[in-house]
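Structure at a glance
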Amino acid sequence: MEISRVPLANLILEGRQRRLAPTDKQVWSLNLDQIESGSGRILERVMTTLEELGPSTYAFEAGMVLYSKLRPYLNKVVVADRDGFATTELVPLRVDPEKVFPAYLAYYLRSAKFLAFANTVVAGAKMPRMVMSEFWRHEAPIPSLAEQRRIAGILDKVDLLRVKRREALAYLDSLAQSIYLEMFGDPVTNPKGWPDLTLGGVVSDMQYGPRFHNEVYVENGTRIVRITDLDDLGNLDFDSMPKLAVDDEAIDQYALQAGDVIFARTGATVGKCSLIKKDVPQCIAGAYFIRMRFRECLLPEYAFAVLMTKSVKSIVTAQSRQAAQQNFSGPGLRRLPMPTPPLTLQEKFSERITEIQSQRVKYQASFNAIDSLFATLQDRAFRGEL
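Okay, so let's go over this structure.

The rules we used
- Residues numbered from 1 in each chain as written.
- Predicted model: local features only at pLDDT ≥ 70, side-chain atom pairs only at ≥ 80, totals over all residues.
- Heavy atoms only, no water.
- Phe/Tyr/Trp six-rings, centres within 6.5 Å; stacked < 30°, edge-to-face > 60°.
- Helix = DSSP H or I, 4+ residues; strand = E, 2+ residues; numbered from the N terminus.
- Buried < 20%, exposed > 50% of the residue type's maximum accessible area, 1.4 Å probe, protein only.
- Lys NZ or Arg CZ within 6 Å of the ring centre and 35° of its normal.
- 1 Å grid on protein atoms, 1.4 Å probe; cavity = no way out; pocket = protein on both sides within 12 Å on 5 of 7 lines; lining within 4 Å.
- Points joined across faces, edges and corners; volume = space filled by probe spheres on them.
- Nonpolar A, V, L, I, M, F, W, Y, C, P; charged D, E, K, R; others polar.
- Salt bridge = Lys/Arg side-chain N within 4 Å of Asp/Glu carboxyl O.
- Lys, Arg positive; Asp, Glu negative; His and termini not counted.
- Contact = heavy atoms within 4.5 Å.
- Pairing = 2+ DSSP bridges.
- Axes fitted to C-alpha atoms, helices over the stretch in contact; angles between N-to-C directions.

With that settled, the discussion passes to the packing of aromatic side chains. Scanning all chains against the criterion turns up 17 aromatic pairs. With centroids separated by 5.1 Å and ring planes inclined at 80°, the aromatic side chains of Tyr-108 and Phe-382 adopt a geometry described as edge-to-face. Note that Tyr-108 is positioned in helix H1 (residues 102-109) and Phe-382 in the segment after helix H9 (343-381), a separation of 274 residues in sequence. Looking at Tyr-108, the relative accessible area reads 1%, which means it is buried. We classify Phe-382 as buried; its relative accessible area is 5%. Centroid distance Phe-114 to Phe-117: 5.4 Å. Interplanar angle 55°. Geometry classified as tilted. One end of the pair, Phe-114, and the other, Phe-117, are both in helix H2 (residues 112-118), 3 residues apart, so they sit about a helical turn from each other. The same class applies to Phe-114 as to Phe-117, namely buried. Members of the aromatic cluster, each reached through a chain of ring pairs, are Tyr-67, Tyr-104, Tyr-108, Phe-114, Phe-117, Phe-135, Trp-136 and Phe-382. The ring of Trp-28 has Arg-45 lying over it, and the distance from NZ or CZ to the ring centre is 4.3 Å.

With that out of the way, let us pick up empty space enclosed by the protein. By the definition in use, this model includes 1 cavity of 30 Å³ or more. Taken as a whole, the largest cavity encloses approximately 30 Å³ of empty space. Lining the largest cavity are Gln-207, Tyr-208, Gly-209, Pro-210, Tyr-254, Leu-256, Ile-284, Ala-285 and Arg-291. Those elements that provide at least two residues to the lining of the largest cavity are strand S12 (203-208) and strand S17 (283-285). Considered class by class, the residues forming the lining of the largest cavity number 6 nonpolar, 2 polar and 1 charged.

Below, the discussion takes up the pattern of salt bridges. What the rule picks out here adds up to 16 salt bridges. Of the charged contacts in the structure, one is a salt bridge between Arg-166 and Glu-36, with a shortest N-O distance of 3.5 Å. With Arg-166 in helix H4 (residues 145-184) and Glu-36 in the loop between strand S2 (27-30) and strand S3 (47-48), this pair connects stretches of sequence that are 130 residues apart. In this structure, Arg-166 and Glu-36 share a single accessibility class: buried. Between Glu-89 and Arg-129 there is a salt bridge; the shortest N-O distance is 2.6 Å. Of this pair, Glu-89 sits in the loop between strand S7 (84-87) and strand S8 (90-93) while Arg-129 sits in strand S10 (residues 129-130), placing them 40 residues apart in sequence. For Glu-89, a relative accessible area of 15% puts it in the buried group.

By secondary structure assignment, the location of Asp-96 is in the loop between S8 and H1. Lys-99 is the oppositely charged side chain nearest to the buried, salt-bridge-free Asp-96, at an N-O distance of 4.1 Å. Aside from chain neighbours lying at most four places away, what touches Asp-96 is Leu-11, Ile-12 and Leu-13.

Pairing is antiparallel in the open sheet, where 4 strands are placed in the order S12-S18-S15-S16. Strands at the two margins of the open sheet, each flanked by one partner only, are S12 and strand S16 (273-275). Averaged over all adjacent pairs, the angle separating strand axes in this sheet is 20°, with direction ignored. By the bridge criterion, 5 bridges tie S12 to strand S18 (residues 289-294) in an arrangement that is antiparallel. Of the residues in S18, the one forming a bridge with Val-203 is Phe-294. Lying over the sheet, helix H6 (residues 300-307) contacts strand S15 (261-264), S16 and S18, oriented at roughly 160° with respect to S16.

Okay, structure coming up:
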């Protein structure tokens with residue numbers, strides 16, 4: 001199939017900024033945090049009033065494609081399903097309906113091909129932004145409108161499968177906390193009256209991660225866990241971790257073991273934590289983590305669940321903000337509540353969590369397969385082979 005290549009600037013209509021008509025109704029206020037990377041899914045729809053909108057916003061209309069020029073590697077592109085107001089970090093694209101179908105363009109802007117291009121045309125080190133002159137010059141593959149709709153329809157169906165698998169994974173991730181609260185109650189209020197210990201009373205060893213200086217990344221080395229490799233649910237992305245040539249002495253001292261819990265102690269991600277499971281690749285938690293091991297009276301699965309509760313996270317957030325830079329070090333960590341039920345009850349909890357994790361592994365494998373299929377279809381579609 002023959003596909004024309006058209007500069008993005010030629011696909012977009014110029015439109016005047018909409019005037020802000022006085023209203024006491026709630027309006028949709030969209031920022032980057034509310035857009036899921038790589039999918040365009042809206043994670044949260046925040047409603048506010050015109051008076052509460054920040055100064056760096058603009059009005060957009062349903063059907064517009066909104067492209068994030070800030071940190072383009074995060075791959076945040078959405079087709080607006082209703083009118084609203086957005087941060088100026090989102091570029092509004094009013095497509096020419098005679099040339100391009102909005103969903104097709106959004107899929108292309110989220111594709112691996114365009115993402116690779118976007119990462120080469122950014123300015124700024126700490127807050128990289130797309131160089132928009134290069135964006136407008138970029139030539140997108142544009143088949144007929146009928147073909148665009150057909151391609152978008154195929155990708156929509158596979159993307160829906162990705163959404164369903166993602167929702168199943170999210171449910172399994174939330175289930176652990178539900179089971180914890182059902183069995184033990186809130187750890188801060190401790191309504192079931194378990195022995196009221198602190199984390200410092202049950203930790204057998206607490207260690208700050210090592211700080212590496214100017215080491216060169218290598219292909220075959222020891223993975224170093226960074227804050228960015230850890231998500232809000234405690235899952236680690238081992239594939240993205242850099243590898244360093246670490247000597248045997250450092251490995252003996254710092255290598256993570258099954259049952260270790262690591263805790264992010266500083267920065268905007270303070271309070272994130274992860275439980276190290278069996279059969280993980282050899283890795284070391286970096287300088288911004290505290291690694292914990294526990295006495296025999298406390299199972300790591302139980303300790304991790306306590307640290308993941310909303311009430312304990314609220315303590316961490318409140319106390320860490322008292323410093324100039326968010327920080328929650330060893331002494332604060334030791335003072336966190338850690339009510340300690342009988343070991344037999346903790347073991348029952350651990351068994352239920354193990355069952356959930358087993359299901360999660362299966363769902364994750366299914367999601368990965370569908371995600372791979374989606375990427376293949378995207379690549380074929382924009383090469384005219386779908």
